[in-house]
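Here is what each chain is made of, one letter per residue.
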Amino acid sequence: MSFRASNRTKSTTRPHMPCAQCGENLFMPEWSEHVDERRVRHLWQCDACDYTFEAVVCYETVAA
């Protein structure tokens, strides 16, 4: 068995959200709220600049 070197590079090892003010990587929201079956709201707060903002994630409906 032989192994080949890969030219692939990983940009990050875990998901992150950039701060809307300064661009610092944020890894976990302060809180999350299930709005309905398709939406989740997250509150983010940056430790670097203390900026607070919300982001809403919308999922597609699943065809039955």
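See the structure printed just above.
Given the structure is predicted, the values throughout are model-derived calculations rather than measurements.

## Considering the overall build of the protein
Stage number 1. Across its full length, the protein holds zero helices and five strands.
Stage number 2. Partitioning the contacts of the protein with sequence separation of at least 6, the portion at a separation of at least 24 is 22%.

## So, the pattern of salt bridges
Stage number 1. Applying the stated rule across the entire model yields three salt bridges.
Stage number 2. A salt bridge links glutamate 33 to arginine 41; its shortest N-O distance comes to 2.7 Å.
Stage number 3. Among the residues examined, glutamate 33 registers a relative accessible area of 34% and is labelled partly exposed.
Stage number 4. Put simply, arginine 41 and glutamate 54 hold a salt bridge, and the shortest N to O gap is 3.7 Å.

## Let's talk about the environment of cysteine 49
Stage number 1. Locating cysteine 49 in the fold gives a position in the loop between β4 (39-45) and β5 (52-58).
Stage number 2. Cysteine 49 sits in the partly exposed class, given a relative accessible area of 33%.
Stage number 3. Not counting residues within four places of it along the chain, the set of residues in contact with cysteine 49 comprises Cys19, Gln21 and Cys22.

## Here's the deal with the side chain of histidine 42
Stage number 1. Following the sequence through the fold, histidine 42 ends up in strand β4.
Stage number 2. Residue classification places histidine 42 among the buried positions, given a relative accessible area of 18%.
Stage number 3. At 2.6 Å, the side chain of histidine 42 and the side chain of serine 32 are in polar contact.
Stage number 4. Those residues within four positions of histidine 42 in sequence are excluded, and the remaining contacts are Pro29, Trp31, Ser32, Phe53, Glu54, Ala55 and Val57.

Thresholds applied
- Residues numbered from 1 in each chain as written.
- Predicted model: local features only at pLDDT ≥ 70, side-chain atom pairs only at ≥ 80, totals over all residues.
- Heavy atoms only, no water.
- Helix = DSSP H or I, 4+ residues; strand = E, 2+ residues; numbered from the N terminus.
- Contact = heavy atoms within 4.5 Å.
- Salt bridge = Lys/Arg side-chain N within 4 Å of Asp/Glu carboxyl O.
- Buried < 20%, exposed > 50% of the residue type's maximum accessible area, 1.4 Å probe, protein only.
- Polar contact = N/O pair within 3.5 Å; in protein donor to acceptor, adjacent residues only side chain to side chain.

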